[in-house]
Amino acid sequence: MKTKALLKIILVLVIITAVIFIGAGIISTHHSDTIKPSGGSSENSTGADTPHEKKFTGLDGVEKLCNVTGFFTYGTSFCLSGSFIASEGKTVADVYIILSQAYDSKNLSSESETYTYSAVYNELPQNQVTFNSYKKINDGIDLENIANGSYCILIKAIYTDGEYDYYSLSYDTASAGNNNSSICYYTITDTNKSDNKNQKIDIGFSTENNMPYGFFNVCYSALPDDVYDIVIDPGHGGTDVGAKKDSYYEADIALDYSLALKKSLEEQGYKVKLTRDGTEASDTPMAYTMYDDDGRVNIAGKSNAKLCLSIHLNSNEGHVYKGGVQVYVSCRGESAFAKSLADNISSSANTPKSNMAAFQVVPGVYTRAFSENDVADSRSEAAAGGYEPYNVDTTTDFYYMIRELGGIATNAYVDGRKTTYGANRYVKSIQGIESYIIELGFISVEDDFQNLLTNKDKYVDGIVTAINSQYQKATE
């Protein structure tokens, strides 16, 4: 009996031991299936048991600083200006703005200079050099074709003896205020891709080991709800009917064309906003409400669009007998896209480009800045109204839908001091919308008028063709 009892005890111990080992094996197997080792060939591994952390190397070898005096975007253009001290006894031959890889580049060399842009520069006494990334506000660094990644913004000064210096960027964000210390930019929708991709580009300033620097961080991102590619402004509206011919009003024709243009652009894949859609009451004084919270200027400003097209018709009864399309561009901007708009509209809609001489750049393209008389009138009006004069000069755009949407790039100035109007919320914006006024034709010229009434689709096609040509993306 004692032998049988002993055997039972041994059997129970064997079973318990087996269960423990099996359970341990199950636990061990489950653990190895859920927690992977960090070594080996994993792309996040250094070959050790610790994950790989990227090393910030974008400032390696950079010991000098330049001072940033301003930066902004205008449309798709990034504009940067500043100054630096050249090395003693050196003469500058070229100045470049460099986007250098911020992480894990072996050393600062041409291999890490991912993007290189020529700068406009001027040498001053005592080795001081000033520079700009642009000649015109819409021909700075193109933000539409930068690959995903993290970059340091550097200045490279090349001297006549072939030597060169790199400079990091120093920017006094405290004096600029929170609204002027960084930019969050979204690229125009890439309609060539099936998923209509956009990129988000964060531009700002930071420090690394007590060294100030500027950066670009670029990644794919869908557009937020409040960010658009293009804003369309149907001119006039409400009690402001614009030019008239018989029973036709400019405001109505501009709205009709704008709705058709919006539809066509959205079919292409762009995200489009209207400043008015025709639901405004007919007794709304829209000529005086453009700066209200829901006025045309502030609606356009809060769209975060890169491009604005303000649609209008011309009229010059008894003085202009041959009409045609006119496209107005900022006096601070380069006119190539304005010319493309005029050329494509003219070709598609079989309408001439206006040859009116006043304010003309080339046939069909126009720009108007404040004249000296306009500046004097502005100051006189301020004196009579009892408010501080606006800071305008002969480089300030005259037309408000171009000037006020550009922010600091176009010297926007309607800040509320003249009480007849409200205030532009975006008057000091460093993210300006590149704006054009398109005068489709002269309602007062019969040939233009008839073409406008019967050929809307062709006018729209011309505008869309110009936009697609302007914003087509570089092949990856």
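Residues numbered from 1 in each chain as written. Predicted model: local features only at pLDDT ≥ 70, side-chain atom pairs only at ≥ 80, totals over all residues. Heavy atoms only, no water.

1. Side note on the pattern of salt bridges
For step 1, the next point in the chain: Tallied over the entire structure, the rule returns 17 salt bridges.
For step 2, the next point in the chain: Between K200 and D202 there is a salt bridge, with the nearest N and O atoms lying 3.8 Å from each other.
For step 3, the next point in the chain: Among the residues examined, D202 registers a relative accessible area of 25% and is labelled partly exposed.
For step 4, the next point in the chain: Through salt bridges with shared partners, a single network forms among K90, D161 and E163. (Salt bridge = Lys/Arg side-chain N within 4 Å of Asp/Glu carboxyl O. Buried < 20%, exposed > 50% of the residue type's maximum accessible area, 1.4 Å probe, protein only.)

2. Thoughts on the nonpolar core
For step 1, the next point in the chain: Formed by 41 residues in total, the largest nonpolar core has its most connected members in F71, L80, F84, I146, I155 and F216.
For step 2, the next point in the chain: Excluding its chain neighbours within four sequence positions, the residues that come into contact with I155 are C66, F84, V95, Y96, I97, F131, D165, Y166, Y167 and L169. (Core = buried A, V, L, I, M, F, W, Y, C linked by side-chain atoms within 4.5 Å. Contact = heavy atoms within 4.5 Å.)

3. Some points on the confidence of the model for the protein
For step 1, the next point in the chain: Averaged over all residues, the pLDDT of the protein is 87; the fraction at 70 or higher stands at 84%.
For step 2, the next point in the chain: Note that pLDDT drops below 50 for residues 1-7; the model gives that stretch zero contacts with residues more than four away or on any other chain.
For step 3, the next point in the chain: Here residues 9-52 is a poorly scored stretch, pLDDT under 50, and it has 16 contacts once near neighbours within four places are set aside; other chains count. (pLDDT = per-residue confidence, 0-100.)

4. Section: the packing of helix α3 (residues 250-268) against helix α9 (residues 456-471)
For step 1, the next point in the chain: Interaxial distance between α3 and α9 falls to 10 Å at its minimum, and their mutual angle equals 45 degrees. Judged by the angle between their axes, α3 and α9 are oblique. Both α3 and α9 take part in a crossing whose hand is right-handed. Taking contact as the criterion, the partners of D256, Y257, A260, L261, S264, L265 and Q268 in α3 are, on α9, K456, Y459, V460, I463, V464, I467 and N468.
For step 2, the next point in the chain: Looking at the contact of α3 with α9, its residues break down into nine nonpolar, three polar and two charged. (Axes fitted to C-alpha atoms, helices over the stretch in contact; angles between N-to-C directions. Helix = DSSP H or I, 4+ residues; strand = E, 2+ residues; numbered from the N terminus. Parallel < 35°, antiparallel > 145°, perpendicular 65-115°, else oblique. Left-handed = near helix turned anticlockwise from the far one by under 90°. Nonpolar A, V, L, I, M, F, W, Y, C, P; charged D, E, K, R; others polar.)

5. Focus on the environment of F56
For step 1, the next point in the chain: Considering the arrangement of structural elements, one finds F56 in the loop between α1 (2-34) and β1 (64-74).
For step 2, the next point in the chain: The class for F56 is buried, based on a relative accessible area of 14%.
For step 3, the next point in the chain: Between the C-alpha atom of F56 and that of Y103, which follows or precedes it by 47 residues, the distance is 4.5 Å.
For step 4, the next point in the chain: Ignoring anything within four residues of it in the chain, the contact list for F56 reads A102, Y103, C152, E208 and Y213.

6. Notes on the side chain of N424
For step 1, the next point in the chain: Of note, N424 is situated in the loop between α7 (400-403) and β21 (431-432).
For step 2, the next point in the chain: With sequence-adjacent residues up to four places away left out, N424 is seen in contact with Y291, V297, N298, E404, A412 and V414.

7. Some words on unusual backbone geometry
For step 1, the next point in the chain: Although it is not a glycine, N209 adopts a positive phi angle of roughly 50 degrees.
For step 2, the next point in the chain: Tracing the backbone through its elements, the reader meets N209 in the loop between β11 (199-208) and β12 (211-220).
For step 3, the next point in the chain: On the accessibility criterion, N209 (71% relative accessible area) is exposed.
For step 4, the next point in the chain: Positive phi, close to 70 degrees, is recorded for N210, a residue that is not glycine.
For step 5, the next point in the chain: Topologically, N210 is positioned in the loop between β11 and β12.

8. Some details on helix α5 (residues 336-349)
Helical geometry note: an α-helix holds 3.6 residues per turn, so side chains three or four residues apart project in the same direction.
For step 1, the next point in the chain: Across its 14 residues, α5 extends 20 Å between first and last C-alpha, which sits within 8% of the 20 Å expected from 1.5 Å per residue.
For step 2, the next point in the chain: Those residues of α5 that are buried are in contact with β17 (307-314), β18 (326-328), β20 (365-366), β22 (434-442), α8 (446-454) and α9.
For step 3, the next point in the chain: At the C-terminal side of α5, N350 shows a positive phi close to 55 degrees. (Expected span 1.5 Å × (residues − 1).)

9. Some thoughts on the packing of aromatic side chains
For step 1, the next point in the chain: The tally for this structure, following the rule as stated, stands at 28 aromatic pairs.
For step 2, the next point in the chain: Where Y164 meets Y166, the ring centres are 5.6 Å apart and the plane angle is 80 degrees; that geometry is what we call edge-to-face.
For step 3, the next point in the chain: Between Y328 and Y399 the ring centres are 5.3 Å apart and the planes differ by 75 degrees, which places this aromatic pair in the edge-to-face class. Of this pair, Y328 sits in strand β18 while Y399 sits in the loop between α6 (372-385) and α7, and the two are 71 residues apart along the sequence.
For step 4, the next point in the chain: Here Y328 falls in the buried class, since its relative accessible area comes to 5%.
For step 5, the next point in the chain: Relative accessible area serves as the criterion here: at 26%, Y399 is assigned to the partly exposed category.
For step 6, the next point in the chain: An aromatic cluster of three or more residues is present, and its members are Y328, Y366, F370, Y387, Y390, F398, Y399 and Y413.
For step 7, the next point in the chain: Residue placement shows K306 over the ring face of Y185; its charged tip is 5.7 Å from the ring centre.
For step 8, the next point in the chain: The ring of F398 is capped by R368, whose NZ or CZ atom sits 3.6 Å from the centre of that ring. (Phe/Tyr/Trp six-rings, centres within 6.5 Å; stacked < 30°, edge-to-face > 60°. Lys NZ or Arg CZ within 6 Å of the ring centre and 35° of its normal.)

10. Digging into the sheet that holds strand β19 (residues 360-362)
For step 1, the next point in the chain: The seven strands are arranged β16-β13-β17-β22-β18-β20-β19 in an open sheet whose pairing can be described as mixed. With one partner strand each, in any of the chains shown, β16 (272-274) and β19 form the two edges of the open sheet.
For step 2, the next point in the chain: When β18 meets β22, the two strands line up antiparallel, connected through three bridges. When the bridges of β22 are listed, V327 appears paired with I438.
For step 3, the next point in the chain: Each of β17 and β22 is contacted by α8, which is oriented at about 110 degrees to β22, the strand it contacts most. (Pairing = 2+ DSSP bridges.)

11. Let's talk about the pairing of strand β8 (residues 149-159)
Each regular strand shows side chains that alternate between the opposite faces of the sheet.
For step 1, the next point in the chain: In terms of burial, β8 is a largely internal element, eight of the eleven residues being buried.
For step 2, the next point in the chain: Two strands pair when backbone bridges link them, and strand β3 (residues 92-101) and β8 are joined in this way by nine bridges, in the antiparallel orientation. Across the sheet, the residue bridging to S100 is C152, located in β8.
For step 3, the next point in the chain: Sheet topology note: the β8/strand β9 (residues 164-170) ladder contains four bridges and is antiparallel. Looking at β9, one finds that I155 is bridged to Y167.

12. Some details on the packing of α5 against α9
In helix packing, the relevant descriptors are the interaxial angle and the interaxial distance, both defined with respect to the helix axes.
For step 1, the next point in the chain: Between α5 and α9, the least distance of the axes is 7 Å, while the angle of their chain directions is 145 degrees. Considering how the two elements wind past one another, α5 and α9 form a crossing that is right-handed. On the side of α5, the interface is formed by F337, S340, L341, N344, I345, S348 and A349, while α9 contributes K458, Y459, D461, G462, I463, T465, A466, I467 and Q470.
For step 2, the next point in the chain: In terms of residue class, the contact of α5 with α9 is made up of eight nonpolar, six polar and two charged.

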